[in-house]
Amino acid sequence: MLGLDISASSVKVVELGHDKAGNLVLEHCAIVPLERGWITDGNLEKFDEVAEAVRQVVKKSGTKTRNVAMALPPSAVITKKITLPGGMSDQELEMQVEAEANQYIPFPLDEVSLDFCIVGPSAASTGDIDVLIAASRKEKVQDIQGLAEAAGLKPVIVDIESYASRLATGRLIENLPNKGVNSIVALFEVGAMTTSMQVICNDEVLYDRDQAFGGAQLTQLIVRQYGFSQEEAETKKRKGELPDDYEATVLRPFVESMVQEIGRALQFFFTSTPNNKVDYVLLAGGSAALPGLTAAVTQHTTFACSLVNPFEGMKIGEGVRLKQMTREAPSYLTSCGLALRRFMQ
C-alpha cells in the first residue's frame with residue numbers, strides 16, 4: 001500500500017516494505033509540486049489538475065502498487081474520545097457509537113462518513129473502554145477518494161493528516177534516549193500556508209495548534225524583492241538559483257520570523273498547560289530544511305532542535321534516488337506515516 005499525501009503545495013507518495021529480517025525498507029518515494037490555488041484551505045478547487053499530479057507522482061516514483069492510504073486535514077474531521085461499557089459485541093458497539101456520535105456531530109449522520117476504534121481500557125472507570133470516534137462530511141471523503149480513482153489508484157484507508165504524521169514521528173521518538181519514554185516532543189510541520197504544532201508525550205497529544213505562517217510567505221518575499229513571477233520564484237527557491245544577496249536580504253529575516261513564530265507557539269503551550277519546557281523540538285515539512293533554521297530555533301528556545309527524517313533507520317531500496325530523497329525527507333513525514341499503515345492491523 002502507498003502513502004499518498006496531498007497538501008496545498010504538492011503531492012507526495014511513499015511505499016515501504018520489509019526485508020527478510022523484518023526491517024523497514026523505503027521502496028519508492030516522489031514529490032510533484034501543485035500550483036497555488038489548486039487546493040485552498042483544504043478544499044479541492046482544480047480536480048483534474050490535482051488528479052493529473054497524482055498520476056504523475058505515482059509514475060515518477062516507479063511503483064506498481066495501486067492500493068493507497070490517504071488523509072484529510074484535521075480541520076475536515078471531527079474526533080471525540082468517549083467512554084463506553086466493556087464487553088459489548090461489535091454490533092452493539094457500532095449501534096452505541098452511532099447513538100453517541102449524534103451528540104458530537106453537527107450534521108445529519110447520513111451526510112457523514114463515520115468510523116471508530118477502541119483505544120483500550122478506560123483509565124477513569126474500571127470495566128469501561130475508551131473509544132475514538134472520527135467523522136467527516138461524505139463529500140470531503142469522496143473528493144480524495146475520487147482523486148485516487150481518477151489516477152487509477154484504489155483508496156483503501158482515509159486517515160487524518162496529524163495522526164499519520166504522529167505515527168511516523170513515533171518511530172523517531174523511539175530512537176531517542178530511554179526510547180523517548182516521558183520525553184515531551186514538540187513537532188512543527190511547516191507547510192506552504194500553515195505551520196502546525198503537536199506536542200507529544202508517550203503517544204498522547206498534550207497540545208496542538210495551527211498558525212497561519214509557512215513557506216509561501218518566503219516565496220512572496222522573493223517575488224517582492226526581485227520582481228519574479230510567483231512560478232519563477234517557487235522554481236528558483238526549490239532549485240537554489242537565487243541572486244547572491246538572497247541569503248542576507250530575504251532568507252535570514254524570514255528564518256528569524258519563523259523562529260519567532262515557533263517560540264510564540266511554545267509559549268502558548270507553556271501558558272495553557274502545567275509544562276514549562278520541552279525535551280526536543282522536531283521540524284518537518286517542505287520549508288523545515290531552510291539553512292540555519294534548526295540552529296536558530298535551538299538558540300532562541302534553548303531546546304534541542306533537529307530536522308525530521310522519517311526514513312531514519314530504514315534500508316533504502318534501489319528505486320530511490322538517495323541524494324534527492326535526503327534533501328526532501330522532511331516533506332515526507334505524513335506520507336511516510338500513511339505508508340506505515342500497511343503494517344498495522
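That block above? That's the structure.
Residues numbered from 1 in each chain as written. Predicted model: local features only at pLDDT ≥ 70, side-chain atom pairs only at ≥ 80, totals over all residues. Heavy atoms only, no water.

Q: I tried to follow the state of the cysteines on my own but got confused; where do I start?
A: Put plainly, a disulfide is one covalent bond tying together the sulfur atoms of two cysteines. Evaluated as defined, the whole model comprises zero disulfides. Between Cys29, a free cysteine, and Cys336, which holds the nearest cysteine sulfur, the sulfur-to-sulfur gap is 9.6 Å. (Disulfide = S-S within 2.5 Å.)

Q: Is there a simple way to think about the pattern of salt bridges in this case?
A: Here the idea is simple: oppositely charged side chains can pair when their charged atoms come close. Inspection of every chain in the model, using the stated rule, returns ten salt bridges. We note a salt bridge from Glu261 to Arg264, for which the minimum N-O separation is 3.2 Å. With Glu261 and Arg264 both in helix α7 (residues 246–272) and three residues apart, this pair spans about one turn of that helix. Between Asp279 and Lys277 there is a salt bridge, with its nearest N and O atoms 2.8 Å apart. A relative accessible area of 27% means that Asp279 is categorised as partly exposed. (Salt bridge = Lys/Arg side-chain N within 4 Å of Asp/Glu carboxyl O. Helix = DSSP H or I, 4+ residues; strand = E, 2+ residues; numbered from the N terminus. Buried < 20%, exposed > 50% of the residue type's maximum accessible area, 1.4 Å probe, protein only.)

Q: I would appreciate a short explanation of the packing of helix α4 (residues 161–173) against helix α10 (residues 333–340) in the present structure.
A: Two quantities define a packed helix pair, namely the angle between the helix axes and the distance between the axes. Interaxial distance between α4 and α10 falls to 7 Å at its minimum, and their mutual angle equals 85 degrees. Between α4 and α10, the interaxial angle falls into the category roughly perpendicular. Side by side, α4 and α10 meet where Glu161, Ala164, Ser165, Leu167, Ala168, Thr169 and Arg171 of the first sit next to Leu333, Thr334, Cys336, Gly337, Leu338 and Leu340 of the second. Classifying every residue of the contact of α4 with α10 by side-chain character gives seven nonpolar, four polar and two charged. (Axes fitted to C-alpha atoms, helices over the stretch in contact; angles between N-to-C directions. Parallel < 35°, antiparallel > 145°, perpendicular 65-115°, else oblique. Contact = heavy atoms within 4.5 Å. Nonpolar A, V, L, I, M, F, W, Y, C, P; charged D, E, K, R; others polar.)

Q: Explanation requested: the pairing of strand β11 (residues 185–190) in the structure shown.
A: Each regular strand displays side chains that alternate between the two surfaces of the sheet. Counted residue by residue, β11 has six buried out of six residues, so it is predominantly covered. Of the two faces of β11, both are covered, the one formed by Val185, Leu187 and Glu189 as well as the one formed by Ala186, Phe188 and Val190. Relative to strand β12 (residues 195–201), β11 runs antiparallel, the two sharing six bridges. Residue pairing in the sheet places Phe188 in a bridge with Met197 of β12. Count of turn residues in the β11/β12 antiparallel hairpin: four residues. Of the strand pairs in this sheet, β11 and strand β14 (residues 280–284) are connected by five bridges, and their pairing is parallel. (Pairing = 2+ DSSP bridges.)

Q: Would you mind showing me how to read the side chain of Glu261 here?
A: Here the side chain of Glu261 touches Gln211 through a polar contact of 3.0 Å, side chain to side chain. Setting aside residues no more than four positions away along its own chain, Glu261 makes contact with Gln211 and Phe213. (Polar contact = N/O pair within 3.5 Å; in protein donor to acceptor, adjacent residues only side chain to side chain.)

Q: Looking at this model, I keep getting lost on the nonpolar core. Mind explaining?
A: Side chains of nonpolar character tend, in soluble globular proteins, to be buried together. Grouped together as the largest cluster of nonpolar side chains are 36 residues, with contacts concentrated most on Phe188, Ile222, Leu266, Val278, Val281 and Leu283. For this core, the secondary-structure elements that each account for two or more residues are β11, β12, α5 (215–226), α7, β14 and α8 (293–301). The element best represented in this core is α7, accounting for twelve residues. With sequence-adjacent residues up to four places away left out, Phe188 is seen in contact with Thr195, Ser196, Met197, Ile262, Ala265, Leu266, Val281, Leu282, Leu283 and Ala284. Residues Ala51, Met70, Ala148 and Ile160 belong to the second largest nonpolar core, which totals 28 residues. (Core = buried A, V, L, I, M, F, W, Y, C linked by side-chain atoms within 4.5 Å.)

Q: Help me understand the packing of aromatic side chains in this model?
A: Summed over all chains, the structure comprises six aromatic pairs. With centroids separated by 5.5 Å and ring planes inclined at 10 degrees, the aromatic side chains of Phe213 and Phe254 adopt a geometry described as stacked. You can see Phe213 sitting in the loop between β13 (204–211) and α5 and its partner Phe254 sitting in helix α7, a full 41 residues away along the chain. Each member of the pair, Phe213 as well as Phe254, carries the same accessibility label: buried. Grouping aromatic residues by their ring pairs yields a cluster made of Tyr207, Phe269, Phe270 and Phe303. Sitting above the plane of the Phe107 ring, Arg137 keeps its charged end 4.2 Å from the centroid. Above the ring of Phe228, the side-chain terminus of Lys236 is found at 5.1 Å from the ring centroid. (Phe/Tyr/Trp six-rings, centres within 6.5 Å; stacked < 30°, edge-to-face > 60°. Lys NZ or Arg CZ within 6 Å of the ring centre and 35° of its normal.)

That is the geometry; function is a separate question.
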